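Spelled out, the chains give:
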Amino acid sequence: MSQEPNTYSALGEVGAVSEKRSLWQRLMLDLRKAPMTARFGMIVILGYIILAVFAPILSPYGEAEVFPEPYAAWSAEHVFGTDQIGRDIFSRMIFGARNTVGIAVATTLLAFIIGGSLGLAAAINQSWLDQFLSRAVDVLMAIPSLIFALVLLSIFGSTVTNLILIIAVLDSTRVFRLTRAVSLNVVVMDYVEAARLRGEGLWWIMRREILPNIMPPLIAEFGLRFCFVFLTIAALSFLGVGIQPPTADWGSMVRENASLIMFAQYDIKAGLTPLLPAAAIALLTVAINFVVDWFLHKTSGLRDEQ
Amino acid sequence: MHPIIAIILNRLVLGIVTLFMVSLIIFISIQMLPGDFAEAILARAATEETVAALRKELGLDRHPVLLYFDWMTALMSGDLGNSYTGRGVIGADESRAVFDLVAPRLKNTLFLASFAAIIAVPLSLFLGITTALYRNSAYDRIMNMSTLTTISFPEFFIAYILILFLTSLFPIFPSLANVDADTEFFERLYWSALPALTLTLVILAHMMRMTRAAIINLLASPYIQMARLSGATPRELILKHALPNAWAPIVTVITLNLANLVVGVVVVEVVFVYPGIGQLMVDAVASRDIPVVQSCALIFAMTYILLNLLADIIGIVTNPRLLHPK
């Protein structure tokens, strides 16, 4: 449907067959309209994904490969130097993308599976189930999640599985609240009533009637929840009770190399070393926030009011 | 009875019930410990008899319900139990009371948190009001970008950036918060300047954005339109017309952020080796000193619940619709 700007005719427009844009075309159109911040965010996220997937190919050395010189300076051989027992920091940063981000993604997915399905079930079946789950979530949310995670980790021990399970369960409370709140608006719709009357089960109503209609807020929440989970895991690892050595992880890398910061006066590069993994965490969360911001703006249907 | 008092009483009861449930949850999760305290303290090599004897000494051989009531009654009288560290073999008990460990550190933490709050609250109000006043200006945009960025930063990143600049490159403040019970007030301020600054930056962004949003939200209401049409200047509009009605949401936001401050304190204390309750808890988690972990968790949860309750009550009390019932 190409039109010259000067030769517009209504007849031409009506006569032209409008083709439905393919998914890919719509995606490209959206991307072209996206603001700078969102594009920046998407490029950064893509970069992290590539790093995480191809970590063993991209990193010059192994994850736990020890070299003779601990705390080596930045050089061509070791781009960001080595850490307290002589492991290459650049390689560990790349493997950290795989470990830290991978664990955070797994945790967020699990939190959404638990919280989302329970939230949907509670919204559809507003009986004792809803009451019970909502009160339980109220109590769980009354405990700050970092503190509760610390208690549970001290009881069950800091393994990766425990970490994922504990944070996922604690965070699923917030997913539950959101899912329940947004689906309550959809449950009262006539088409849900119709589905119920024609005898569809709970699972069908959840998956086919309600889920497609509450997707946008859930996707945005997924991004924000991921940031939160990611920061919590990084904080726990930084405190020494999260991901355990020798697994390369950004939070614990900051802690291990923190003392280097005091040498910044003599060698600014050494002072920057402990900040690198922290900056890697910050950059990813900023990028996700930018993309979520744009996504929310797009799906909420608000126009720019200028 | 005035309806507002009824609502507040209702909330207070709910808060106490929540607190009770939280203590129950903490207790139950500790009961789920594989093995139990006795096995956790004694080494793996301990014989069954030794474990049984210690279990008896700690009173762990009784029914869990009894244990819970014992714990609760002790808590009511301020007895938090004994720490596990220093407890080697049976009989030779050199462990310290958890209360003696917690009390001085709790004071330090409260000092740090109030220090941060005293800077952060007025500053965020000022920034929030001015950005609402000069909406869409360059100033507003820069503040918006930078707050969005700091929200995404982990606490320890902010802390180490501050250390890099204010300690390492330009030695103004110390990086280790070397505070004890005898430290003078002003010296204490100096030593805890960096941790307080970090905490300020952590909560500032949120508070500022919420204040701005609360005011801008109000600016859309009809009575503001009326004031604008009758010739009020933007400054009058915000300070005289919008702000009095925005206090309720703003105060709620502040209290909620102070609740977050309580949690943010954990990481910051560890970075600056500040002798507070957060660091105590992290150390106790690492050494699996359950009585200390349990007490610290309860204190954190209690503060968090109380502040949330306070936010709730302030929200109710300042709501004009509830204050003047028909």
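Thresholds, definitions, all that
Residues numbered from 1 in each chain as written. Chains lettered and ligands numbered in written order. Predicted model: local features only at pLDDT ≥ 70, side-chain atom pairs only at ≥ 80, totals over all residues. Helix = DSSP H or I, 4+ residues; strand = E, 2+ residues; numbered from the N terminus. Buried ≥ 20, exposed ≤ 12 C-beta atoms within 10 Å, placed from the backbone. Contact = placed C-beta atoms within 7 Å. Axes fitted to C-alpha atoms, helices over the stretch in contact; angles between N-to-C directions. Parallel < 35°, antiparallel > 145°, perpendicular 65-115°, else oblique. Left-handed = near helix turned anticlockwise from the far one by under 90°. Core = buried A, V, L, I, M, F, W, Y, C linked by C-beta atoms within 7 Å. Nonpolar A, V, L, I, M, F, W, Y, C, P; charged D, E, K, R; others polar. Expected span 1.5 Å × (residues − 1). Bend = angle between axes of the 7 residues up to and from the residue. pLDDT = per-residue confidence, 0-100.

Engineer: Could you clarify how one ought to interpret the overall build of chain B in this entry?
Structural biologist: When its secondary structure is counted, chain B shows 14 helices and zero strands. Moving toward the C terminus, one meets the helices and strands of chain B in the order α-α-α-α-α-α-α-α-α-α-α-α-α-α. For chain B, the proportion of its 326 residues judged to be buried stands at 36%.

Engineer: Looking at this structure, how should I read the overall build of chain A?
Structural biologist: Helix and strand counts for chain A stand at 14 helices and zero strands. Structurally, chain A occupies a C-alpha span of about 75 × 65 × 35 Å along its principal axes. Taken over 306 residues, chain A has a buried fraction of 41%. Of the contacts made within chain A by residues no fewer than 6 positions apart, 68% connect residues no fewer than 24 positions apart.

Engineer: Would you explain the environment of A:Leu120 in this entry?
Structural biologist: Residue and element names in this part refer to chain A. Relative to the elements of secondary structure, Leu120 occurs in helix α5 (residues 89-124). The class of Leu120 is buried, set by 25 C-beta atoms lying within 10 Å. Here the alpha-carbon distance between Leu120 and Leu184, two residues 64 residues apart in the chain, equals 8.6 Å. Once you skip the residues sitting within four places of it in the chain, Leu120 turns out to touch Thr179, Ser183, Met206 and Ile210.

Engineer: Is there a simple way to explain the packing of helix α6 (residues 138-151) of chain B against helix α9 (residues 193-219) of chain B in this structure?
Structural biologist: Each pair of packed helices can be described by the angle between their axes along with the distance between the axes. Residue and element names in this part refer to chain B. Running from N to C, α6 and α9 point in directions that differ by 130 degrees, and their axes come no closer than 9 Å. One element, α6, and the other, α9, form an angle in the oblique class. Pair α6 / α9 crosses with left-handed handedness. In contact with Thr147, Thr150 and Ile151 of α6, α9 contributes Leu201, Ala205, His206, Met208 and Arg209.

Engineer: Explain the nonpolar core here, please?
Structural biologist: If you look at soluble globular proteins, the nonpolar side chains tend to sit buried side by side. Of all hydrophobic cores here, the largest spans 154 residues; its most connected members are A:Ala149, B:Tyr160, B:Met281, B:Cys296 and B:Ala301. If sequence neighbours within four positions are ignored, B:Cys296 has contacts with B:Val102, B:Ile277, B:Leu280, B:Met281 and B:Ala284.

Engineer: Would you mind going over the interface of chain B and chain A with me for this structure?
Structural biologist: You'll often see interface size given as the accessible area lost when the parts meet. Counting from both sides, the interface comprises 39 residues of chain B and, opposite them, 36 residues of chain A. If you list the elements that add at least two residues to the side of chain B that touches chain A, you get α1 (3-31), α6, α7 (155-169), α11 (234-271), α12 (277-286) and α13 (290-317) of chain B. If you tally residues by element for the side of chain B that touches chain A, the top one is α7(B), at nine residues.

Engineer: What is the right way to look at the packing of α5(A) against helix α11 (residues 215-238) of chain A in this model?
Structural biologist: Residue and element names in this part refer to chain A. The geometry of α5 relative to α11 is characterised by a closest axis approach of 9 Å and an angle of 130 degrees between their N-to-C directions. Taken together, α5 and α11 sit at an angle that is classed as oblique. Considering the relative orientation of α5 and α11, their crossing is right-handed. Within the contact between the two elements, α5 uses Thr100, Ile103, Ala104, Val105, Thr107, Thr108, Ala111, Phe112 and Gly116 and α11 uses Leu218, Phe222, Arg225, Phe226, Val229, Phe230, Ile233 and Ala234. Considering only residue class, the contact of α5 with α11 consists of 12 nonpolar, four polar and one charged.

Engineer: Honestly, α7(B) in this entry has me stumped. Any pointers?
Structural biologist: Residues spaced three or four apart along an α-helix face the same direction, because each turn holds 3.6 residues. Residue and element names in this part refer to chain B. Helix length check: α7 (15 residues) gives 20 Å between terminal C-alpha atoms against 21 Å at 1.5 Å per residue, within 8%. At Ile163, α7 shows its largest kink, close to 30 degrees. Extensive coverage of α7 is indicated by the burial of 11 of its 15 residues. Of all the positions in α7, only Glu155, Phe156, Phe157, Ile158, Ala159, Tyr160, Leu162, Ile163, Leu164, Thr167 and Ser168 are classed as buried.

Engineer: Explain the environment of B:Ile299 here, please?
Structural biologist: Residue and element names in this part refer to chain B. Residue placement: Ile299 occurs in helix α13. For the pair formed by Ile299 and Asp180, sequence separation is 119 residues and the distance between their alpha carbons is 21 Å. Not counting residues within four places of it along the chain, the set of residues in contact with Ile299 comprises Val102, Leu106 and Ile277.

Engineer: For this particular structure, what's the right way to read the environment of A:Pro70?
Structural biologist: Residue and element names in this part refer to chain A. Inspection of the secondary structure puts Pro70 in the loop between α4 (55-58) and α5. We classify Pro70 as partly exposed; it has 13 C-beta atoms within 10 Å. Counting along the chain gives 161 residues from Pro70 to Leu231, while the straight-line C-alpha distance between them is 28 Å. In this view, Pro70 contacts Thr82, Gln84, Ile85 and Gly86; residues no more than four positions away in its chain are not counted.

Engineer: What is the right way to read unusual backbone geometry from this model?
Structural biologist: Residues and elements named next belong to chain B. One non-glycine residue with positive phi stands out, namely Asn136, at about 65 degrees. For Asn136, the position within the fold is in the loop between α5 (98-133) and α6. Taking the C-beta count within 10 Å as the criterion, Asn136 has 11 such neighbours and is therefore assigned exposed. The backbone of Val273 sits at a positive phi, close to 45 degrees, despite the residue not being glycine. Looking at the secondary structure, you find Val273 in the loop between α11 and α12.

Engineer: What exactly am I supposed to notice about the confidence of the model for chain B here?
Structural biologist: Low pLDDT means the predicted atomic positions in that stretch should not be read closely. Averaged over all residues, the pLDDT of chain B is 79; the fraction at 70 or higher stands at 85%. Model confidence for the complex is summarised by a pTM of 0.83, with the ipTM given as 0.79.

Engineer: Honestly, the confidence of the model for chain A in this entry has me stumped. Any pointers?
Structural biologist: For chain A, mean pLDDT is 83; residues scoring 70 or higher make up 93% of the total. The least confident element of chain A is helix α1 (residues 10-15) of chain A, whose mean pLDDT is 70; the most confident is helix α8 (residues 160-187) of chain A, at 91.

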